[in-house]
Amino acid sequence: MTWVLDLGGGSRTKAIARAICGSHPDLRSVTAPEPGELTGVVVCSAFSRDLEQTLALAASTNAHVIVVAEAGHSLEPWSLLACGATDLMIWADDPVPIQARLERLIEVENVVESPPVADVIRGTSPALRHALRDLVTAAKFGGGPILITGETGTGKELAAKVAHTVSAAGRSGHLVVVDCTTIVPTLSGSELFGHERGAFTGAVSVRTGACAAANGGTLMLDEVGELPLELQPELLRVVQEGMYKRVGADTWQHTSFRLICATNRVLEDDVIAGRFRADFYYRIAAYSVQLPPLRDRPGDLIPLFRSFVSEAQGHAEPAEVTPEVEIALRRRDYPGNLRDLRQLAHRVASRHVGPGPVTPGDLPPSDRPLTADGTADSRAPTLMESIRQQLRQGMTLRELRDHVADLAVTAAIEESGGSIRAAAARLGVTDRALQLRRAKRRTGE
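Residues numbered from 1 in each chain as written. Predicted model: local features only at pLDDT ≥ 70, side-chain atom pairs only at ≥ 80, totals over all residues. Heavy atoms only, no water.

## What about the pattern of salt bridges?
It is possible for side chains bearing opposite charge to pair when their charged atoms get close. Scanning all chains against the criterion turns up 21 salt bridges. The residue Asp-270 makes a salt bridge to Arg-275 at a minimum N-O spacing of 2.7 Å. Each of Glu-109, Glu-113, Arg-129 and Arg-133 takes part in a single network of salt bridges with overlapping partners. (Salt bridge = Lys/Arg side-chain N within 4 Å of Asp/Glu carboxyl O.)

## Some points on the sheet that holds strand β4 (residues 64-70)
Pairing is parallel across the open sheet formed by five strands, whose spatial order is β2-β1-β3-β4-β5. What marks the edges here is a single partner per strand, and that holds for β2 (27-30) and β5 (87-91). Strand-to-strand twist across the sheet, computed as the mean angle between neighbouring axes with direction ignored, equals 30°. Bridge count between strand β1 (residues 2-6) and β2: four bridges; the pairing is parallel. In the sheet register, Thr-2 faces β2, and the bridge partner there is Leu-27. Lying on the sheet, helix α2 (residues 49-60) is in contact with β1, β3 (39-43) and β4; it crosses β4 at an angle near 150°. (Pairing = 2+ DSSP bridges. Helix = DSSP H or I, 4+ residues; strand = E, 2+ residues; numbered from the N terminus. Axes fitted to C-alpha atoms, helices over the stretch in contact; angles between N-to-C directions. Contact = heavy atoms within 4.5 Å.)

## Let's talk about the sheet that holds strand β8 (residues 218-222)
The sheet built from five strands is open, its strands ordered β7-β8-β11-β6-β12 with parallel pairing. At either margin of the open sheet sits one strand with a lone partner, and together these are β7 (175-179) and β12 (287-290). Between one strand and the next, the sheet's axes are offset by a mean angle of 20°, whatever the strand orientation. Looking at chain direction, strand β6 (residues 146-149) and β12 are connected through four bridges and run parallel. Bridge pairing links Leu-147 to Ser-288 in β12.

## With respect to the packing of aromatic side chains
Per the counting criterion, the structure on display carries three aromatic pairs. Look at Phe-276 and Phe-280: their rings are 5.6 Å apart centre to centre, the planes differ by 35°, and that puts the pair in the tilted class. A centroid spacing of 5.1 Å and a plane angle of 65° characterise the contact between Tyr-281 and Tyr-282, whose relative ring orientation is edge-to-face. For Tyr-281, a relative accessible area of 10% puts it in the buried group. If you follow Arg-104 out to its NZ or CZ, it ends over the ring of Phe-141, 3.6 Å from the centre. (Phe/Tyr/Trp six-rings, centres within 6.5 Å; stacked < 30°, edge-to-face > 60°. Buried < 20%, exposed > 50% of the residue type's maximum accessible area, 1.4 Å probe, protein only. Lys NZ or Arg CZ within 6 Å of the ring centre and 35° of its normal.)

## A word on the pairing of β6
Here β6 shows a buried face lined by Ile-146 and Ile-148 and a second buried face lined by Leu-147 and Thr-149. The pairing of β6 with strand β11 (residues 258-263) spans four bridges and is parallel. The residue bridging Thr-149 from the neighbouring strand is Thr-263, located in β11.

Everything listed here is a matter of geometry and, on its own, says nothing about what the molecule does.
Here you go:
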């Protein structure tokens, strides 16, 4: 069921809410949304504390909220979206556009929760949920190339498999993956375009190449930022015109495929630096989906670790962990993201025996906390004690202020289940301001 909430309080907004509810039997009026209900409509005419709280709750629980208002409202759309709204729609005495939007949101949600997606990319954190919604929307309802970005180990190849599966190309052809780090420029792109016999030394037979193999399906270019600059114009022609020549051939070959690219590099910077062609970049980035790092998915950390340990041991049920181990896992950094966590789980699995939970001794010495004892009942120092400790170490007022602000940002994101929008609402800042602060911290500025 999809809920409809009137926060306007006037006769006009009540009438709009009734009209929306009456447009479909699955719509019902509520005084407050229930936890776990992922799609709803808020009718209002101005921003209020109740609206802010509803949107913050939606952002922290993966819910979609469409805000509906009449023309002439005082709502600022971009602030609403930053606070967690899915969209702002204007009421024009017709519930059909709203109903169509709701149906699309529900359809995307159903695909995200389906086994072809949920069994491949596991997790329920808001940050991951937003990325999967963008991925499914681009793959299922769009037809252009998709650029998947993210740090190393965030699951970009898995995301490409999901995009292929839910798209039309997944029903008609295969997914062909090419690692661009293995393409040799001196062979003029034989890996991509194929070659004729005798085209170069060692070409003893005809090779069709990835473009031919992906015909009717999907071609994924992994680490596309490593694609040799001299091959990018040739591949651009294939993407735009569906035509290419094998190395050493004079005749044109035809192919048609869905293109998905993945990279952990910032291609916009590479374009500016001349390391990546601008025309090729804008062609492959018709849709862009960024996968979140593991640090932005705190709610997924322990379930994923438990699952990885069980997989390594060949067990069906997720392994349990003691509170001390959970604390140690949460304090640890994961520069390799999911790959890093999986390798840790495999090291633990090799040491863990018996049906009981993973215990502190199961963590290899190199993976154990260095400064914390890891006990669940250890008491953290008060804020005043922490400040005194930092002052003794020579930290200045400005450094203290930045340090406390960074801790507050980290705590807000964790308490919001990894949602940047919800964390920004808790801190009383904009989504953009929070993202800029985190970016500066990562770059050390």
